[in-house]
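# Overview (structure and organization)
Chain by chain, the residues:
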Amino acid sequence: MTNEASRTVVTVIGGESLVAALIKARAAIPAIKRSATAQIGSRTYSYAPLEAVLEAVQPALAANGLVLSQSVVDGQMVTSLLHVGGAILLGKVPLILAE
């Protein structure tokens, strides 16, 4: 695995309205419980499943004109946070698939 293959790219377009909306949304997001456990080797840890995270954040995002979207494009996971005013926060992470 090369550094280029593992690089995350984040792009912000029209960020001022997005930042203001994110600040308001963040204040409304409740604490998210770590309700699941996993083990790697001898280490056990707790985490919040993605479904629980989305369930907790989506109402606050929507109330502030934000929507979260994910898709796979050209071997990358593309996560977009879109604001009703047109601002976009876009993150791309290469997917490394097992053979």
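Rules and cut-offs
Going along each chain's sequence as written, the residues are numbered from 1 onward. Reporting in this predicted model follows two pLDDT cut-offs: at least 70 for local features of residues, and 80 or more for side-chain atom pairs to be given and counted; totals over whole chains, interfaces and linings ignore these cut-offs and use all residues. With hydrogens and water set aside, each side-chain value is computed from the structure's full complement of heavy atoms. Values of pLDDT, the confidence the predictor places in each residue, fall between 0 and 100. Every helix listed is a DSSP run of H or I at least four residues long, and every strand listed is a run of E at least two residues long, numbered separately from the N terminus. Two rings from Phe, Tyr or Trp (for Trp, the six-membered ring) form a pair when their centres are within 6.5 Å of each other. A pair whose planes differ by under 30 degrees is stacked, one over 60 is edge-to-face, and the rest are tilted. Note on exposure labels: buried denotes an accessible area under 20% of the residue type's maximum, exposed denotes more than 50%, and partly exposed covers the range between, all computed with a 1.4 Å probe on protein chains only. For two strands to be treated as a pair, DSSP must find at least two bridges joining them. Only the stretch in contact is used when fitting a helix axis, every axis being a line fitted to C-alpha atoms; angles between N-to-C directions are given from 0 to 180 degrees. Expected span of a helix: the number of residues minus one, times 1.5 Å. Within this analysis, the arc is defined by the directions that extend from the helix axis to the C-beta atoms. We call two residues in contact whenever any of their non-hydrogen atoms come within 4.5 Å of each other. Throughout this description, the term nonpolar core refers to a set of buried Ala, Val, Leu, Ile, Met, Phe, Trp, Tyr and Cys residues connected via side-chain atoms within 4.5 Å.

## Points about the confidence of the model for the protein chain
- On average, the protein chain scores 89 in pLDDT, and the residues at 70 or more come to 94%.
- Least confident of the elements in the protein chain is strand β1 (residues 9-13), whose mean pLDDT is 81; most confident is strand β3 (residues 43-47), at 96.

## Remarks on the packing of aromatic side chains
- Scanning the entire structure with this criterion turns up one aromatic pair.
- The interplanar angle of 45 degrees and the centroid separation of 6.1 Å between the aromatic rings of Tyr-45 and Tyr-47 together place this pair among those described as tilted.

## Details of unusual backbone geometry
- Its identity is not glycine, yet Asp-74 carries a phi of approximately 50 degrees, on the positive side.
- Classification of Asp-74 as exposed rests on a relative accessible area of 74%.

## A short note on the sheet that holds strand β6 (residues 88-94)
- Reading across the sheet, the four strands line up as β1-β6-β5-β4 and stay open at both edges, with antiparallel pairing between neighbours. Each having just a single partner strand, β1 and β4 (66-73) make up the two edges of the open sheet. With strand direction ignored, the average angle separating the axes of adjacent strands in the sheet is 15 degrees.
- Summarising the sheet, strand β5 (residues 76-83) and β6 pair through seven bridges and their orientation is antiparallel.

## Some details on helix α1 (residues 15-28)
- Spanning 14 residues, α1 covers 20 Å between terminal C-alpha atoms, matching the ideal 20 Å at 1.5 Å per step.
- Looking only at α1, the buried set comprises Gly-15, Leu-18, Ala-21 and Ala-25. Seen from one end, α1 has its buried residues packed into an arc of 125 degrees, which puts them on one side. Away from the buried face of α1 by more than 90 degrees, exposed residues Glu-16, Ile-23, Lys-24 and Ala-27 are located.

## Quick notes on the side chain of His-83
- Examined against the element boundaries, His-83 turns out to sit in strand β5.
- Using a relative accessible area of 15% as the deciding quantity, one classes His-83 as buried.
- Sequence-distant contacts of His-83, defined by excluding residues within four places in its chain, comprise Ser-17, Leu-18, Ala-21, Asn-64, Gly-65 and Leu-66.

## A word on the nonpolar core
- Residues Leu-18, Ala-21, Ala-25, Ile-29, Val-57, Ala-60, Leu-61, Leu-66, Leu-81 and Ala-87 constitute the largest nonpolar core, which totals ten residues.
- Sequence-distant contacts of Leu-18, that is, excluding residues within four places in its chain, are made with Val-12, Leu-66, Leu-81, His-83, Ala-87, Ile-88 and Leu-89.

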